[in-house]
Amino acid sequence: MLTRLHLQNFTVFADANFEFSPGLNVLVGTNGTGKSHVLKVGYAMCLSVINRPHRVDSIGFSDAINDNLGTVFLSGSPHYLVRGQDKELPCSIRVEFERGKLLEAGINRAITFDGVLERRVLFKQMNPVITPLTDRVVFIPAKEVLSFYYGFLSLYEKREVDYDLTYPNLCRDLSTPLLRKTDESVSEALTQLQAAMGGTVKIEGNRFVFVPNGSTDSLPINLYAEGLRKFGTLWQLLRNGSLTPETTLFWDEPEANLNPALLKKLAAVLAALARQGFQIILATHSLFLLKELHILSRDKKEKKLPIRYFGLSAGPDGATQVETQNDFQLLNHITALETELTQSDELTVVFAEEDKQLLLEQNAKSANR
């Protein structure tokens with residue numbers, strides 16, 4: 001479980017600290033404030049520790065972090081991940097895990113063999129010792145993968161394609177055979193997912209298919225609604241044990257291609273998992289999702305929902321500022337939502353004016369009779 005992430009001069013962050021909840025963690029902010037970057041750097045660092053290099057030393061870890069950052073961000077060189085390319089800024093990434101494990105790495109200037117200055121990852125320290133974590137980590141990107149699952153891993157491994165590491169890794173997680181018996185901690189979520197989807201998904205002939213409830217016939221997954229494929233992705237990960245309470249789940253824009261009715265159901269699934277001890281870190285633009293999670297967190301009939309909100313906004317110097325609250329209503333900077341809130345107020349005014357005009361017209365007709 002990821003407990004803390006500290007970024008110094010990394011992409012849009014000058015100095016940002018994230019203290020994560022063991023349950024739901026929601027990042028909200030306008031485009032360009034680094035929500036996806038937080039998810040990706042957290043995921044890359046978790047991968048570096050979970051899949052530790054064979055050579056357990058500073059050079060081995062530096063190479064592992066360098067590779068993971070480069071393939072998750074598709075940046076090529078970590079040089080491009082440093083804030084202020086023309087400045088001599090110290091850049092560091094510090095992550096802390098449950099049970100006291102800590103990993104810190106810096107992206108420092110170095111002179112390559114041809115004399116060109118560039119940035120390279122330099123592993124700093126891990127305390128108390130460099131040991132692998134037993135926890136797993138899963139990343140669900142904004143673009144669903146079930147529709148192009150077949151053959152994608154082979155394509156990624158043999159060809160130059162512009163997909164970051166989260167896509168092939170998710171395909172590998174999805175390909176894991178199903179558990180003979182699922183844990184009780186996921187039973188409520190699976191029931192909710194099956195009801196929302198109106199069926200289940202499975203792999204048939206190396207392709208994903210959809211099986212409607214009460215039917216033995218399957219449909220090609222591409223004939224199934226794109227938004228609902230996200231429910232299918234979550235279903236498969238829970239059924240095959242890739243997602244457990246020991247797994248940290250990163251999810252970028254879960255609301256994409258989901259209407260409010262389905263988003264409401266997804267929020268209920270996320271809340272059920274968080275109450276069972278799942279750590280979920282997600283980035284969203286959706287005011288509807290935030291409101292629904294807030295409603296669920298206030299349900300006194302259910303176990304307390306561990307939830308934390310991070311409001312990301314651009315500061316005076318252009319660097320992203322981070323505000324942390326356990327209640328999204330207390331966030332002072334929810335820039336991504338202010339336009340939606342303003343539109344809601346404006347629409348209320350428009351409706352009131354239309355009602356007033358309609359009433360005037362009706363009264364005028366009555367007076368002329």
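Described below are features of the structure shown in this document.

Parameters at a glance
Residues numbered from 1 in each chain as written. Predicted model: local features only at pLDDT ≥ 70, side-chain atom pairs only at ≥ 80, totals over all residues. Heavy atoms only, no water. Helix = DSSP H or I, 4+ residues; strand = E, 2+ residues; numbered from the N terminus. Buried < 20%, exposed > 50% of the residue type's maximum accessible area, 1.4 Å probe, protein only. Areas by Shrake-Rupley, 256 points an atom, 1.4 Å probe, with all protein chains shown as cover. Pairing = 2+ DSSP bridges. Axes fitted to C-alpha atoms, helices over the stretch in contact; angles between N-to-C directions. Contact = heavy atoms within 4.5 Å. Salt bridge = Lys/Arg side-chain N within 4 Å of Asp/Glu carboxyl O. Phe/Tyr/Trp six-rings, centres within 6.5 Å; stacked < 30°, edge-to-face > 60°. Lys NZ or Arg CZ within 6 Å of the ring centre and 35° of its normal. Core = buried A, V, L, I, M, F, W, Y, C linked by side-chain atoms within 4.5 Å.

What about the overall build of the protein chain?
Inference 1: Check the secondary structure of the protein chain and you find 9 helices and 14 strands.
Inference 2: Within the protein chain, buried positions represent 49% of all 369 residues.
Inference 3: On the protein chain, roughly 18,100 Å² of surface is accessible, and the fraction owed to carbon and sulfur atoms is 51%.

Quick look at the sheet that holds strand β14 (residues 320-325)
Inference 1: The 6 strands lie next to each other as β7-β11-β12-β3-β13-β14, forming an open sheet whose pairing is mixed. Two strands lie at the open edges of the sheet, namely β7 (136-140) and β14, each paired on one side alone. Going from strand to strand, the sheet's axes swing by 15 degrees on average, the running direction of each strand aside.
Inference 2: Pairing of strand β13 (residues 307-314) with β14 involves 6 bridges; the strand directions are antiparallel. Along β14, the bridge assignment pairs A314 with T320.
Inference 3: Packing against the sheet, helix α6 (residues 226-239) makes contact with β7 and β11 (247-252), and its axis sits at approximately 170 degrees to β7.

Re the sheet that holds strand β9 (residues 207-212)
Inference 1: What the 3 strands build is an open sheet, ordered β8-β9-β10; its pairing is antiparallel. For this open sheet the edge positions go to β8 (199-204) and β10 (219-220), each flanked by a neighbour on one side alone.

Considering the pattern of salt bridges
Inference 1: For the coordinates displayed, the defined rule picks out 13 salt bridges.
Inference 2: One salt bridge in this structure joins D317 and R83, with 3.7 Å as the shortest N-O distance. Remark: R83 occurs in the loop between α2 (58-73) and β4 (92-97) and D317 occurs in the loop between β13 and β14; sequence separation between them is 234 residues.
Inference 3: The class of D317 is exposed, set by a relative accessible area of 54%.
Inference 4: Owing to a relative accessible area of 18%, R83 belongs among the buried residues under this scheme.
Inference 5: Of the charged contacts in the structure, one is a salt bridge between E144 and R229, with a shortest N-O distance of 2.8 Å.

Notes on unusual backbone geometry
Inference 1: Not every positive phi belongs to a glycine, and T11 is a case in point at roughly 45 degrees.
Inference 2: Examined against the element boundaries, T11 turns out to sit in the loop between β1 (2-10) and β2 (13-19).
Inference 3: At N257, a position not held by glycine, the phi torsion is positive, near 65 degrees.
Inference 4: Checked against the element boundaries, N257 lands in the loop between β11 and α7 (260-275).
Inference 5: Judged by its relative accessible area of 52%, N257 falls in the exposed class.

Digging into the packing of aromatic side chains
Inference 1: A complete count under the given rule lists 17 aromatic pairs for this structure.
Inference 2: Considering the side-chain rings of F18 and F310, the 5.6 Å spacing of their centres and the 55 degrees angle between planes classify their relative orientation as tilted. Here F18, found in strand β2, pairs with F310, found in strand β13; they are 292 residues apart in sequence, far enough to count as distant.
Inference 3: Residue classification places F18 among the buried positions, given a relative accessible area of 0%.
Inference 4: Directly above the ring of Y150 sits R207, whose terminal nitrogen or CZ lies 3.7 Å from the centroid.

With respect to the nonpolar core
Inference 1: F18, L234 and L238 are the most contacted members of the largest nonpolar core, which totals 98 residues.
Inference 2: In terms of residue count, helix α1 (residues 35-50) provides more of this core than any other element does, 10 residues in total.
Inference 3: When neighbours within four sequence positions are excluded, L238 is seen to be in contact with T182, V186, A189, L190, L193, L243, L273 and F278.

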